[in-house]
Amino acid sequence: MSPLQDLTTLDQQHLWHPFTPMQQWCAPDHTPLLLVEGHGCTLRDQFGNDYLDGNASIWTNAHGHAHPVINAAIIDQLGKVAHTSFLGFTHEPAIRLAKELVDLLPGSKITRAFFTDNGSTAIESAARMALQYWKQNGWPGRDTLIAFDRAYHGDTLGAASLGGIPLFKGSGNDFGYRVITVPSLEALDAMSAEERHRIAAVVIEPLIQGAAGMRLWPQGMLKALDSWCEEQDVFLILDEVMTGFGRTGTMFACEHESVVPDFLCLAKGLTGGYLPLAVTLTTERVFEGFLGEPHEGRTFFYGHSYAGSQLGCAAALASLRVFRDEHVLEQLPAKMALLGALMADLPGYRQCGMIAAMTIDSPDLSLGAKICLVARKHGLLTRPIGNTIVLMPPLCVTLAEIEHMVAALKAALDEITPPACRTA
Ligand SMILES: *Cc1c(COP(=O)(O)O)cnc(C)c1O
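Residues numbered from 1 in each chain as written. Predicted model: local features only at pLDDT ≥ 70, side-chain atom pairs only at ≥ 80, totals over all residues. Heavy atoms only, no water.

1. A few points about the sheet that holds strand β1 (residues 35-39)
Spatial strand order, β1-β2-β3-β15: four strands in an open sheet with mixed pairing. Bordering the open sheet on either side are β1 and β15 (380-381), each of which pairs with just one other strand. In terms of strand pairing, strand β2 (residues 42-45) meets strand β3 (residues 50-53) through three bridges, oriented antiparallel. In the strand pairing of β3, Thr42 is matched with Leu52. (Pairing = 2+ DSSP bridges. Helix = DSSP H or I, 4+ residues; strand = E, 2+ residues; numbered from the N terminus.)

Okay, here's the thing in structure tokens:
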């Protein structure tokens, strides 16, 4: 056995992977794919095979792997200090990052950055801030959060309680506080005044629901929801954990409909996909609702040990520098256009910026996984959501790499579902 084969055996003996049916993973005929290195959009496995990173390492990577600017920033910070507590102390990388982040929404009501270390806790921070805000600022009856059917906001109990995908709810779906799940904006309008007055905040993935299988919201929906929240004086929480940092073609998805929320939750792409860091951006109004003397108990007693770690902040600052220096957003339109042109003939095709998806309409829900497995042979790594297959490459992807990715996907599709059996 080569040392790396030995490692995959040890993996099967001792590891437990996220979102993974482990019986199949541990089966003797399954060889786990072990990734040993990455450069740009390319990842290499234990056998020396190269693949294009078709889902940007689960929607995180922005500028490619081993980017010299981000690597250097992390190494430079490492030489100073890797991590100190953010509870009661501060540091330069976090201060500079907070300033750069609020400046990404210039002249808006967003002024404050609260750091955590993953998308779920960025959402939980917003949910808890919203609930506590009303409780201690004259409207304790606002005890309800509104979320949307098929939403995905993370896996911790608090974030999962806002989710609307039954599969991810485990054995139950009542995790604590009051959540009402609605299918659409019209359903909010239809609520009684009494119910409406209990709403603390509405949370939504703007433009596109990711884990639901890349479901697009109708154009204008976000703007209308924002106006509704404004009229009702209800907070709007935007979950841009997936859509943030260029994924939809603009820095943030909310820019497409000129919406600035009360809470903007960011994570996956914040560090360019290098280190766990997340942030909940909010307004001076919310912030001031937590001021007071310690004995008044108005403080936000919430935080994680690795909140705002120096290494994460250094990576995020470097990623934002790459956005500027390499004119990343300016180069996206040509890439989005090519992605769309090449994929337009695929079944159930839809696209939102650099996020493209197709769905096979079949009662056999194992097809998506099979296609992704065959696509590996053609040099493409991605992960299905049921029978939906997503292409969401790192933003640095070249036009040639986009062509290669779509060709690999089509070859796999032809092998698993010959065109004759497909309904376009
Ligand atoms: C991934 C994701 C989350 C959760 O982020 P984690 O860092 O995995 O906890 C929340 N919301 C959306 C829209 C996501 O895509």
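2. Quick look at the site of the ligand
In the vicinity of the ligand, the contacting residues are Trp59, Asn118, Gly119, Ser120, Tyr152, His153, Gly154, Glu205, Asp239, Val241, Met242 and Lys268. Contacts to the ligand include Asn118, whose side-chain N or O atom sits 3.3 Å from an oxygen atom. Between the ligand and Tyr152, the relevant distance is 3.5 Å, taken from a nitrogen atom to a main-chain nitrogen or oxygen of the residue. For the ligand, whose accessible area on its own is 380 Å², the fraction buried by protein is 83%. When grouped by side-chain class, the residues that make up the shell around the ligand number four nonpolar, five polar and three charged. (Near = heavy atom within 4 Å. Polar contact = N/O pair within 3.5 Å; in protein donor to acceptor, adjacent residues only side chain to side chain. Areas by Shrake-Rupley, 256 points an atom, 1.4 Å probe, with all protein chains shown as cover. Nonpolar A, V, L, I, M, F, W, Y, C, P; charged D, E, K, R; others polar.)

3. Brief notes about the domain arrangement of the chain
Domains assigned within the chain are domain 1 (33-63 + 327-421) and domain 2 (71-325). On a C-alpha basis, the centroid separation for the pair domain 1 and domain 2 is 28 Å. Residue-level contacts link 26 residues of domain 1 with 25 residues of domain 2. The contact between domain 1 and domain 2 buries some 2,000 Å² in all, and 66% of this surface belongs to carbon and sulfur atoms. For the interface between domain 1 and domain 2, the tally reads zero salt bridges. (Domains from an automatic or database assignment. Contact = heavy atoms within 4.5 Å. Buried area = accessible area lost by both parts, 1.4 Å probe. Salt bridge = Lys/Arg side-chain N within 4 Å of Asp/Glu carboxyl O.)

4. Description of the sheet that holds strand β13 (residues 350-352)
Spatial strand order, β13-β14-β17-β16: four strands in an open sheet with antiparallel pairing. The open sheet has two edge strands, β13 and β16 (384-385), and neither has a second partner. The sheet contact formed by β13 and strand β14 (residues 355-359) spans three bridges and is antiparallel. Note on β14: the bridge partner recorded for Cys352 is Ile355. Against the sheet, helix α15 (residues 399-416) engages β14 and β17 (388-391), with an angle of about 165° to β17. (Axes fitted to C-alpha atoms, helices over the stretch in contact; angles between N-to-C directions.)

5. Notes on the pattern of salt bridges
Throughout the structure, instances matching the rule amount to 12 salt bridges. When the shortest N-O distance is used, the salt bridge between Arg96 and Glu92 registers 2.7 Å. Of the two residues, Arg96 and Glu92 both sit in helix α5 (residues 92-103), four residues apart, roughly one turn of that helix. We classify Glu92 as partly exposed; its relative accessible area is 49%. (Buried < 20%, exposed > 50% of the residue type's maximum accessible area, 1.4 Å probe, protein only.)

6. Section: the environment of Gly164
Here Gly164 is to be found in the loop between α7 (157-160) and β6 (178-182). Separated by 34 residues in sequence, Gly164 and Arg198 have C-alpha atoms that sit 20 Å apart. Beyond its immediate stretch of four places on either side in the chain, Gly164 contacts Phe148, Asp149, Arg150 and Ala151.

7. Describing unusual backbone geometry
At Trp59, a residue that is not glycine, the phi angle is positive and equals roughly 70°. Considering the arrangement of structural elements, one finds Trp59 in helix α3 (residues 56-59). Under the relative-accessibility criterion, Trp59 is labelled buried at 10%. At Phe245, a position not held by glycine, the phi torsion is positive, near 60°. Judged by relative accessible area, Phe245 falls into the buried class, the value being 2%.

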